[in-house]
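Residue strings, one per chain:
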Amino acid sequence: MFAVRVWEILMFGVKPFQGIKNNDVIYKIENGERLPFPPNCPPSLYSLMSQCWLYEPTKRPTFSMIKHSLREILDKDRSQTLEFSKSNNRRTDTLTRHGVVTNRHQNNCVV
């Protein structure tokens, strides 16, 4: 259920298998169908969710493993965000050095 809840959050409350009867959902799951990849979902998170949906319960990750994986995903995301921020700062510094100065209050550039 954990991964289904994560999916619902990423889908902003859309119900899983919306409009499909329970018996048909069971049939789909027993035949390997899983919830689709949510937009803007990190592939590593969807991979973790998919592991939680493995048919054989003993092959699914434990909550300790899920916690560890989520920590890794969060750390990677923070690292990428920091790198993006540094890249933007370098770009701004370069523009400033070349005489392009942004006036943030008037939202225009002075050359």
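The structure displayed is predicted, hence computed values, not measured ones. (Residues numbered from 1 in each chain as written. Predicted model: local features only at pLDDT ≥ 70, side-chain atom pairs only at ≥ 80, totals over all residues. Heavy atoms only, no water.)

**Description of the side chain of E8**
1) Next: As for its position among the elements, E8 is in helix α1 (residues 2–10).
2) Next: Judged by its relative accessible area of 18%, E8 falls in the buried class.
3) Next: Discounting chain neighbours no more than four positions away, the residues touching E8 are G13, V14 and P16. (Helix = DSSP H or I, 4+ residues; strand = E, 2+ residues; numbered from the N terminus. Buried < 20%, exposed > 50% of the residue type's maximum accessible area, 1.4 Å probe, protein only. Contact = heavy atoms within 4.5 Å.)

**Section: α1**
Quick reminder: α-helices carry 3.6 residues per turn. Residues three or four places apart thus point the same way.
1) Next: Those residues of α1 not exposed but buried are A3, V4, V6, W7 and E8.
2) Next: If you follow the buried residues of α1, they end up packed against α3 (43–52).
3) Next: Where α1 terminates, the next one or two residues include F12, which has phi positive at roughly 55°.

**A word on the pattern of salt bridges**
1) Next: Under the definition given, this model contains three salt bridges.
2) Next: We note a salt bridge from R5 to E8, for which the minimum N-O separation is 2.7 Å. Highlighted residues: R5 and E8, both in helix α1, separated by three residues, approximately one helical turn.
3) Next: Put simply, R71 and D75 hold a salt bridge, and the shortest N to O gap is 3.7 Å. Taken together, the positions of R71 and D75, both in helix α4 (residues 63–97) and four residues apart, correspond to about one turn of that helix.
4) Next: The partly exposed category is assigned to R71, whose relative accessible area is 44%. (Salt bridge = Lys/Arg side-chain N within 4 Å of Asp/Glu carboxyl O.)

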